[in-house]
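# Coordinate analysis (summary)
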Amino acid sequence: MSLPSPLQELSEPRLARHGLRLLLKRDDLVHPDLIGNKWRKLVPNLEASGGRPILTFGGAYSNHLRATATAGRLLGVPTVGVVRGQELADRPLNPSLAHCAANGMRLHFVDRSTYRHKADPETLAAIRRAAGGDAEDAYVVPEGGSNVLAVRGCQALGEELRGHADVVAVACGTGGTLAGLAAGLAPEQRALGVPVLKGSFLDAEIRALQDLAFGGPRGSWTLDHRFHFGGYARTPPELHAFADDFEARHDVPVERLYVAKMLYGLVALAEAGAFANGTTIAAVVTGRPFP
């Protein structure tokens, strides 16, 4: 494990011509196997589990499921992944789910209607019974890993960036990383979240997470919903071209589902004059490309 993660300055002409400075917060280098914000979010939950099996949730290409499976292998904790989409049970595993299985995660597929109601106590109990075995007594981590412990774990990310940037940008799935990041920043700094899913639900989710973790709002943060490219796992040619170009310019691997959308958004916002001349922006690199 390598914390605090490195802070790398880039010479990015698309920002520099607007008087902006770009730093990358390389959370993708935190750990060789359990990378990015997943380390900060999962480790507190694994410690709280007391060695009990972990049961968690995700889609067929979930970064969170892969990270949980990897963490379970590294720490010797059994893991159960509840996967959205009963129809996937009879198909060959895609590379993401194959990675989960190879790291010891037991996969349990549920239909999409059940998955939507997974937070309901009765539905969760039914999922546990259907999954059987160690799932019935498992410690439950929510989809994306965003709960009180995860938010508090991500607070350190903001603290590591105090004094280094005016704006800190991060891609958002379930909002836990942004909720903790904003809480850890200094009062004069602000966090900018770039959601990778469609919908306006995330504002309320982040406020709720901060209420649970800290007893109320913490830090200054905003969301810009314009750069999801159609939703999670939607990566059109325009986004791939941007990511390929960024990698070639800076020799930095760009993960497509989250990081590329955040970086694309920063360039677009800079060119639209959204940041004042002289602003230093830190972009959190929350993962690496897979596979």
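Relevant structure appears above.
Summary of the structure given here. (Residues numbered from 1 in each chain as written. Predicted model: local features only at pLDDT ≥ 70, side-chain atom pairs only at ≥ 80, totals over all residues. Heavy atoms only, no water.)

## As for the environment of Gly-176
Note the cut-off: Every helix listed is a DSSP run of H or I at least four residues long, and every strand listed is a run of E at least two residues long, numbered separately from the N terminus. Contacts are assigned to residue pairs with any non-hydrogen atoms lying within 4.5 Å of each other.
As for its placement among the helices and strands, Gly-176 is situated in helix α8 (residues 176-184). Linking Gly-176 and Ser-200, residues 24 residues apart in sequence, is a C-alpha distance of 15 Å. Gly-176 has contacts with Ser-146, Val-151, Cys-154 and Leu-209, leaving out every residue within four places of it along the chain.

## A few points about the environment of Arg-26
With respect to the element layout, Arg-26 can be found in the loop between β2 (21-25) and α2 (37-48). Here the alpha-carbon distance between Arg-26 and Gln-8, two residues 18 residues apart in the chain, equals 7.2 Å. If we skip the residues at most four places from it in the chain, Arg-26 touches Ser-5, Pro-6, Gln-8, Val-252, Pro-253 and Val-285.

## Regarding the sheet that holds strand β6 (residues 139-140)
We count it as follows: Two strands make a pair as long as DSSP finds a minimum of two bridges between them. Think of each axis as a best-fit line through the C-alpha atoms, taken over the contacting stretch in the case of a helix, with angles from 0 to 180 degrees between the N-to-C directions.
Spatially, the four strands line up as an open sheet ordered β5-β4-β3-β6, and their pairing is parallel. Looking at the sheet topology across the chains shown, the edges are occupied by β5 (106-110) and β6. Sheet analysis places strand β4 (residues 79-84) next to β5, joined by five bridges and oriented parallel. Bridging across to β5, Val-80 finds its partner in Arg-106. Of the strands in this sheet, β3 (54-58) and β4 are in contact with helix α3 (residues 63-75), which crosses β3 at around 160°.

## So, the layout of surface pockets
Inclusion rule: Both cavities and pockets are sets of points on a 1 Å grid over the protein atoms alone; in a cavity a 1.4 Å probe fits but cannot get out, in a pocket the set is open with protein on both sides within 12 Å along at least five of seven lines, and lining residues sit with an atom within 4 Å of a point. Grid points are joined across faces, edges and corners, and a volume is the space filled by probe spheres set on the points.
Here the second largest pocket is characterised by a volume of approximately 260 Å³. Lining the second largest pocket we find 14 residues, and of these Tyr-61, Arg-66, Leu-257, Phe-290 and Pro-291 sit closest to its centre. At the level of elements, α3 and α4 (95-102) are the ones that each hand at least two residues to the lining of the second largest pocket.

## Some details on the nonpolar core
Note the following rule: For this analysis, a nonpolar core means a set of buried residues of the types Ala, Val, Leu, Ile, Met, Phe, Trp, Tyr and Cys, connected via side-chain atoms within 4.5 Å. Only protein chains enter the accessibility calculation, which uses a 1.4 Å probe; a residue is then buried when its area is under 20% of its type maximum, exposed when over 50%, and partly exposed in between.
Membership of the largest hydrophobic core comes to 33 residues, with the highest contact counts inside it found for Met-262, Leu-263, Leu-266, Phe-275 and Ile-281. For this core, the secondary structure elements donating two or more residues are β2, β7 (167-172), β8 (190-195), α10 (237-250), α11 (259-271) and β10 (280-284). Excluding residues that lie within four positions of it along the chain, Ile-281 makes contacts with Leu-15, Leu-20, Arg-21, Leu-22, Leu-23, Ala-165, Val-167, Leu-266 and Phe-275. If you look at the next biggest cluster of nonpolar residues, it comprises 24 residues, including Val-170, Cys-172, Ala-179 and Val-284.

## Focus: the packing of α2 against helix α7 (residues 148-160)
What counts is decided by this rule: Small angles under 35 degrees read as roughly parallel and large ones over 145 as roughly antiparallel, with 65 to 115 read as roughly perpendicular and the rest as oblique. Less than a right angle of anticlockwise turn of the near helix away from the far helix marks a crossing as left-handed, whereas a clockwise turn marks it as right-handed. Three residue categories are used. Nonpolar comprises Ala, Val, Leu, Ile, Met, Phe, Trp, Tyr, Cys and Pro, charged comprises Asp, Glu, Lys and Arg, and polar comprises the others, including Gly.
Their axes nearest at 7 Å, the elements α2 and α7 cross at an angle of 140°. By the criterion of interaxial angle, the relationship of α2 to α7 is oblique. In terms of crossing hand, the pair formed by α2 and α7 is right-handed. Contact residues: Arg-40, Lys-41, Pro-44, Asn-45 and Ala-48 in α2; Leu-149, Ala-150, Gly-153, Cys-154, Ala-156, Leu-157 and Glu-160 in α7. Looking at the contact of α2 with α7, its residues break down into seven nonpolar, two polar and three charged.

## Quick notes on the pairing of β2
Within β2, four of the five residues are buried, which leaves the element mostly enclosed by the surrounding structure. Taken together, the four bridges between strand β1 (residues 7-10) and β2 define a ladder with antiparallel strand orientation. Residue pairing in the sheet places Gln-8 in a bridge with Leu-24 of β2. Sheet analysis places β2 next to β10, joined by five bridges and oriented parallel. By the bridge assignment for β10, Lys-25 is matched with Val-284.

## A short note on α8
Here α8 lies mainly inside the structure; nine of its nine residues are buried. Gly-176, Thr-177, Leu-178, Ala-179, Gly-180, Leu-181, Ala-182, Ala-183 and Gly-184 are the residues of α8 that are buried. Where α8 is buried, its residues touch α2, α7, β7, β8, α9 (202-214) and β9 (221-223).

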